[in-house]
Amino acid sequence: MTQVSRGIVYVAWGGDHVDVARRSAASVKQSNPSLGTTIWCKQGDDTSGFDAARIVPDGLKRPKVNLLGQSPYDETLFLDNDTLVRSDLGSLFDLLRKYEICGAQVILWHRPRHQKPIALELPETFPEINTGVLLYRKTPATLALFDDWASSFAASGMKIDQPSFREALWRSDAAFYVLPPQFNKRVFEASELIWTDAPKPRILHLELLRPQKNRILRWLSNRIR
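Presented here is a report on the structure given in the accompanying data block. Fair warning: this is a prediction, and the values are worked out from it, not measured in the lab. Along each chain, the written sequence defines residue order, and numbers are assigned to residues from 1. Totals for whole chains, interfaces and linings use all residues, but because this is a predicted model, local features are given only for residues with pLDDT of at least 70 and pairs of side-chain atoms are given and counted only at 80 or more. Computation of side-chain values: all heavy atoms of the structure, hydrogens and water removed.

## A closer look at the overall build of the chain
Going by this rule: Each helix corresponds to a stretch of at least 4 residues labelled H or I by DSSP, and each strand to a stretch of at least 2 residues labelled E; elements are numbered beginning at the N terminus. For the radius of gyration, the atoms used are the C-alpha atoms, and the globule rule reads 2.2 Å times the number of residues raised to 0.38. Residue contacts are counted whenever heavy atoms from the two residues lie within 4.5 Å of one another. Values of accessible area rely on a 1.4 Å probe in the Shrake-Rupley scheme; residue burial ignores everything except the protein chains shown. In summary, the charge assignment counts Lys and Arg as positive and Asp and Glu as negative, without counting His or the chain termini. In this description, the location of a charge corresponds to atom NZ of lysine, CZ of arginine, CG of aspartate or CD of glutamate.
Helix and strand counts for the chain stand at six helices and nine strands. Over its C-alpha atoms the chain spans a radius of gyration of 17 Å, differing by no more than 12% from the 17 Å that the globule rule assigns to 225 residues. Dimensions along the principal axes, computed over C-alpha positions, put the chain at roughly 45 × 40 × 40 Å. Once local pairs closer than 6 in sequence are excluded, the contacts in the chain between residues at least 24 apart make up 72%. Carbon and sulfur atoms make up 52% of the accessible area of the chain, which totals about 12100 Å². Positive and negative charge centroids in the chain, built from 30 and 25 side chains respectively, lie 6 Å apart.

So, in structure tokens, the structure goes:
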């Protein structure tokens, strides 16, 4: 039986963002040494720390929307650059034995900015999916979903890609599963910093992990493990 390839992909635009993605890739390797890592970036960027690199084609407004279907892996976890992986991801990839694509719902789905329609009026109970952590396997249905996403995003005229992904997912026949929030940890409640019996976060996805120009914020970011 042919062995299935599994890996992580990133899309980074600019050296600072490549550096942040490199930190994320290092966290992947620490707990998941068998997973490959690939980054799409500009020609000439420093791609050390990744197993492979590809060049982002010219003219793409939001490159990840167009590139995820071109993953070099059979089973892929796309991560935004401002992420850190804190555990083994084997059980996460095992979801692809049944499902074709998985993602976590946005936590503030009730806010008007997460209810913006493009072509469809969807129920609020079908919230946006955070597209910074997407797990998928290459199937005709997922590739069709990505194609629809790219077309819908281009037609929307928006700078953000989650409204178009929401509508493409609604139209899709791909088998979809909602990930537990610990696999896309966006916010910490104050009580969590003291004590909680909730599962520990598996993937951190925090604004503080983005490139920081402020020295204090950069120091705080570097303290996150």
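Having put the structure on the table, let's press on.
## A word on the pattern of salt bridges
This is how the line gets drawn: Criterion for a salt bridge: a side-chain nitrogen of Lys or Arg within 4 Å of a carboxyl oxygen of Asp or Glu. The classification of residues rests on relative accessible area computed with a 1.4 Å probe and restricted to protein chains. Under 20% of the type maximum is buried, over 50% is exposed, and intermediate values are partly exposed.
Applying the stated criterion across every chain, the model contains eleven salt bridges. With a shortest N-O distance of 2.7 Å, Arg-22 and Asp-19 are connected by a salt bridge. Linking Arg-22 with Asp-19, this pair stays in helix H1 (residues 15-31), spanning three residues, or about one helical turn. The buried category is assigned to Arg-22, whose relative accessible area is 17%. Relative accessible area serves as the criterion here: at 42%, Asp-19 is assigned to the partly exposed category. Residues Lys-64 and Asp-161 are paired through a salt bridge, measuring 3.7 Å at the closest nitrogen-oxygen approach. Pair noted here: Lys-64 is in helix H2 (residues 63-67) and Asp-161 is in the loop between helix H4 (140-156) and helix H5 (162-171), with a separation of 97 residues, a long-range link. Judged by relative accessible area, Lys-64 falls into the buried class, the value being 7%. When salt bridges that share partners are traced, they join Arg-62, Lys-64, Asp-80 and Asp-161 into one network.

## Section: the environment of Asn-32
Relative to the helices and strands, Asn-32 resides in the loop between H1 and strand E2 (36-41). A relative accessible area of 5% means that Asn-32 is categorised as buried. Each C-alpha atom, one on Asn-32 and one on Ser-151, is 34 Å from the other, the two residues being 119 residues apart in sequence.

## Notes on the nonpolar core
Worth spelling out the cut-off: Definition of nonpolar core: a set of buried residues of the types Ala, Val, Leu, Ile, Met, Phe, Trp, Tyr and Cys, connected through side-chain atoms within 4.5 Å.
With 26 residues, the main nonpolar core has Ile-8, Tyr-10, Leu-77, Leu-79, Leu-89 and Ile-203 as its most contacted residues. When contributions to this core are tallied by element, the ones reaching two or more residues are strand E1 (6-11), H1, E2, strand E4 (75-79), helix H3 (90-93), strand E6 (101-105) and strand E7 (129-137). Per element, the largest residue contribution to this core is four residues, and it comes from H1. Other than its neighbours up to four places away in sequence, Ile-203 contacts Leu-77, Leu-79, Thr-83, Leu-84, Val-85, Leu-89, Leu-92, Val-133, Gln-182, Phe-183, Asn-184 and Lys-185. By size, the runner-up hydrophobic cluster in this structure holds 23 residues, among which are Val-9, Ile-101, Ala-141 and Phe-153.

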